[in-house]
Amino acid sequence: MGRSVLKLSEAGYRRFALLLLTALLAPFPTLAQQRYPAKGLVLAVDKEHRLMTVSCEAIPGYMDAMVMPIEVRDARELDGLAPSTMIEFSLVADKEHPYAENVRIRNFDSLELDPLSARRLRLLDGAMDPSLSPDRVLKVGQAAPDFSLTDQNREHVTLSQFAGKVVAITFVYTRCPFPNFCFRLTNNFARLEKRFAGQMGRDLILLTITLDPVHDQPETLAEYGRSWNIDRKGWHLLTGSPAEVQKFCERFGVAFFPDEGQLIHSLRTLIIDRQGKLAANLEGNEFTAEELGDLVQSVLKGGTSNPSGS
């Protein structure tokens, strides 16, 4: 079966969650209170109604991957959750009142960096700029800073020129040799471009910012873009002065340093809402392209960037 996306009003989330999961359980009366390990990407949090909306990965033998609202019995289960949080939880398949319990945040920990590089990156994360206290790193709901960079067509690009549109941003470098790092992040954007083809440039903008601006000049980025067959109207590959690139990266907690001809860097994917505020800051590469697309869809539809969910 294909992937399903449920389109519901906010008021209908709670009721529909019960109806949906009850329908799934109806043919299996013996599954009452059965628990399934589940994981996914949080799209929205409503503490008042003890509800989270999650882009859930498939549960083999039980359900396909889908976007769904899920209740919790204890509102404290939602503590620390915000749009873009990766979670694991137990889905309790109670026939009369399905719900989630044991909600745990999945922190990203790269398994591909050697221990020394991983340690250096963690140290760099905490010391990118002495003037950047943790409070200076942008939080969800805060206005994103503007920048002035150059795209693959040598056109001047600023973040502010996309006001009123949703903007997704990621950070790569073209010489990255790791298939699960820059290649995967770029592939995620290629999947977004395909999924939202009718909205590219009009409602959705993709920005890929190089972490290696000295090497990744516009010509190099243009060649990289051709290899991905990107939509030049809605997807910009950006470079600029090293100082400008680093300044923008630091505001979002993106750290990087050269290492024997390569770059060791953190992995971040950002979503800026139509009001120019940070709606999500995803760390790592463990989310799927479908989950990222569901999050973008939520923001396109006016999903909240309020991290508290209140």
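Residues numbered from 1 in each chain as written. Predicted model: local features only at pLDDT ≥ 70, side-chain atom pairs only at ≥ 80, totals over all residues. Heavy atoms only, no water.

Quick look at the overall build of the protein chain now. Broken down by element type, the protein chain carries six helices and 15 strands. Within the protein chain, the proportion of its 310 residues that are buried is 51%. Excluding contacts between residues fewer than 6 apart, the proportion of contacts in the protein chain whose partners are at least 24 apart in sequence is 70%. Surface exposure of the protein chain reaches about 14700 Å², of which carbon and sulfur atoms provide 51%. (Helix = DSSP H or I, 4+ residues; strand = E, 2+ residues; numbered from the N terminus. Buried < 20%, exposed > 50% of the residue type's maximum accessible area, 1.4 Å probe, protein only. Contact = heavy atoms within 4.5 Å. Areas by Shrake-Rupley, 256 points an atom, 1.4 Å probe, with all protein chains shown as cover.)

Before going further, it helps to examine the sheet that holds strand β15 (residues 278-283). Strands sit in the order β11-β10-β9-β14-β15 across an open sheet of five strands; the sheet is mixed. The open sheet has two edge strands with one neighbour each: β11 (235-238) and β15. Ignoring strand direction, the axes of neighbouring strands in this sheet form an average angle of 15°. Both strand β9 (residues 166-172) and strand β14 (residues 268-272) contribute to a ladder of four bridges, which runs antiparallel. (Pairing = 2+ DSSP bridges. Axes fitted to C-alpha atoms, helices over the stretch in contact; angles between N-to-C directions.)

Now for the packing of helix α3 (residues 182-195) against helix α6 (residues 289-300). The N-to-C vectors of α3 and α6 enclose an angle of 55°; their axes lie 9 Å apart at closest approach. In terms of orientation, α3 and α6 fall into the oblique class. As for the relative orientation of α3 and α6, their crossing is right-handed in sense. Contacts from N188, F189, R191, L192 and R195 in α3 reach A289, E290, L292, G293, D294, V296 and Q297 in α6. (Parallel < 35°, antiparallel > 145°, perpendicular 65-115°, else oblique. Left-handed = near helix turned anticlockwise from the far one by under 90°.)

Moving on, we get to the confidence of the model for the protein chain. Considering every residue of the protein chain, the mean pLDDT works out to 84; 78% of them sit at 70 or more. The spread of mean pLDDT over the elements of the protein chain runs between helix α2 (residues 115-126), the lowest at 50, and β11, the highest at 98. Contacts for the low-pLDDT stretch residues 111-116, under 50 throughout, to residues beyond four places or in other chains number seven contacts. Of the regions scoring below 50 in pLDDT, residues 127-133 engages in nine contacts with residues more than four places distant in sequence or in other chains. (pLDDT = per-residue confidence, 0-100.)

For the rest of this paragraph, the subject is α6. Taking 1.5 Å per residue, 12 residues should reach 16 Å; α6 reaches 16 Å between its end C-alpha atoms and fits that length. Counting buried positions along α6 yields 10 of 12 residues, so the element is predominantly enclosed. At the exit of α6 stands G302, carrying a positive phi of roughly 95°. (Expected span 1.5 Å × (residues − 1).)

The tally for this structure, following the rule as stated, stands at 14 salt bridges. For D212, the salt bridge goes to R175, with nearest N and O atoms at 2.8 Å. Taken as a pair, D212 in the loop between β10 (204-210) and α4 (218-228) and R175 in the loop between β9 and α3 lie far apart in primary sequence, 37 residues in all. Classification of D212 as buried rests on a relative accessible area of 12%. Look at R175 and you get partly exposed, because its relative accessible area is 45%. Residues participating in the shared-partner salt-bridge network are K39, E57, E88, R104, R106 and E286. (Salt bridge = Lys/Arg side-chain N within 4 Å of Asp/Glu carboxyl O.)

All right, on to the environment of Q275 then. Inspection of the secondary structure puts Q275 in the loop between β14 and β15. We classify Q275 as exposed; its relative accessible area is 61%. Sequence separation of Q275 and V166 is 109 residues, and the distance between their C-alpha atoms is 8.4 Å.

So, about the packing of aromatic side chains. Here the structure, examined in full by the defined rule, presents seven aromatic pairs. Grouped by ring-pair contacts, the aromatic residues F147, F171, F248 and F252 constitute a single cluster. Over the face of the ring belonging to Y99 we find R73, whose NZ or CZ atom lies 3.8 Å from the ring centre. (Phe/Tyr/Trp six-rings, centres within 6.5 Å; stacked < 30°, edge-to-face > 60°. Lys NZ or Arg CZ within 6 Å of the ring centre and 35° of its normal.)

As a rule of thumb, soluble globular proteins bury nonpolar side chains together. In terms of nonpolar packing, the biggest core is built from 61 residues, with I169, F171, L207 and I271 touching the most fellow members. A per-element tally of this core places β9 first, with six residues. Contacts of L207, omitting those with residues within four sequence positions, involve F147, L159, F162, V167, A168, I169, T170, F189, H236 and L238. (Core = buried A, V, L, I, M, F, W, Y, C linked by side-chain atoms within 4.5 Å.)

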